[in-house]
Amino acid sequence: MATDIQPGTLDLELTDDPEQQNEVFLAAFNTNDGKIFDSLYREDAISNLSGRPLTGEERTRVITELLAGGPRLAADFKSAYIAGDVLLIFVEYDLDLPDPDGGHNRMHGICTDVLRRGDDGKWRMVIDRPVALETTA
């Protein structure tokens, strides 16, 4: 599993490279700043990070609350498929989620993300769908 990227070691600029986009996604997530992370999504995007599909203001609120808890994400890019302005990307991830009692929950799984290329040529998240294959406390 790739090591997580610390804030400040990577430009959080959106990219047109699918593999590099995963690194931008990791860096933004690991800032623990929901506003930064949510900026990678299109306005109408759906995120399933909470375990249920969310969009709009509710997506932004839940992402912000989740990241405020200090989770750490590591992910390995596996593959990508491009059809016109749509990108399907697969990553294997490890997510460490602190719990309210001071412990940690770990989730390991596969994430399938759908991104759309904007007029600027950069990919933005349309559907974020992590699927946990293993969860441990």
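On a predicted model such as this, the values are computed, not experimentally measured, just so you know. (Residues numbered from 1 in each chain as written. Predicted model: local features only at pLDDT ≥ 70, side-chain atom pairs only at ≥ 80, totals over all residues. Heavy atoms only, no water.)

**Notes on the sheet that holds strand E6 (residues 123-136)**
- In spatial order, the strands read E2-E1-E6-E5-E4-E3; together these 6 strands make up an open sheet with mixed pairing. With one partner strand each, in any of the chains shown, strand E2 (54-55) and strand E3 (72-83) form the two edges of the open sheet.
- In the sheet, E3 pairs with strand E4 (residues 86-98) via 11 bridges, with the strands oriented antiparallel. Along E4, the bridge assignment pairs alanine 74 with aspartate 94.
- Helix H1 (residues 18-29) contacts strand E1 (41-47), E3, E4, strand E5 (104-117) and E6 of the sheet and is inclined by roughly 150° relative to E3. (Pairing = 2+ DSSP bridges. Helix = DSSP H or I, 4+ residues; strand = E, 2+ residues; numbered from the N terminus. Contact = heavy atoms within 4.5 Å. Axes fitted to C-alpha atoms, helices over the stretch in contact; angles between N-to-C directions.)

**Some thoughts on the nonpolar core**
- Within the largest apolar cluster, 24 residues are counted, with the highest numbers of intra-cluster contacts made by Phe25, Phe37, Leu40, Tyr41 and Leu73.
- Looking at this core, the elements with two or more residues in it are H1, E1, helix H3 (56-68), E3, E4, E5 and E6.
- Sorting elements by how many residues they give to this core places E4 first, with 6 residues. (Core = buried A, V, L, I, M, F, W, Y, C linked by side-chain atoms within 4.5 Å. Buried < 20%, exposed > 50% of the residue type's maximum accessible area, 1.4 Å probe, protein only.)

**Quick look at the UniProt feature "domain: DUF4440" (unreviewed entry) in the protein**
- Per the UniProt record, the feature "domain: DUF4440" (unreviewed entry) sits at residues 23-125.
- For residues 23-125, helix accounts for 24% and strand for 50%, while the C-alpha atoms at its two ends are 14 Å apart. (UniProt positions renumbered as here; feature names shortened; annotations may be inferred.)

**Here's the deal with the pattern of salt bridges**
- Counting across every chain of the model gives 10 salt bridges.
- When the shortest N-O distance is used, the salt bridge between glutamate 58 and arginine 61 registers 3.8 Å. Linking glutamate 58 with arginine 61, this pair stays in helix H3, spanning 3 residues, or about one helical turn.
- A residue is classified by how much of its surface remains accessible, and arginine 61, at 40% relative accessible area, is partly exposed.
- In this structure, arginine 61 and glutamate 65 form a salt bridge, with 3.4 Å as the shortest nitrogen-oxygen distance. (Salt bridge = Lys/Arg side-chain N within 4 Å of Asp/Glu carboxyl O.)

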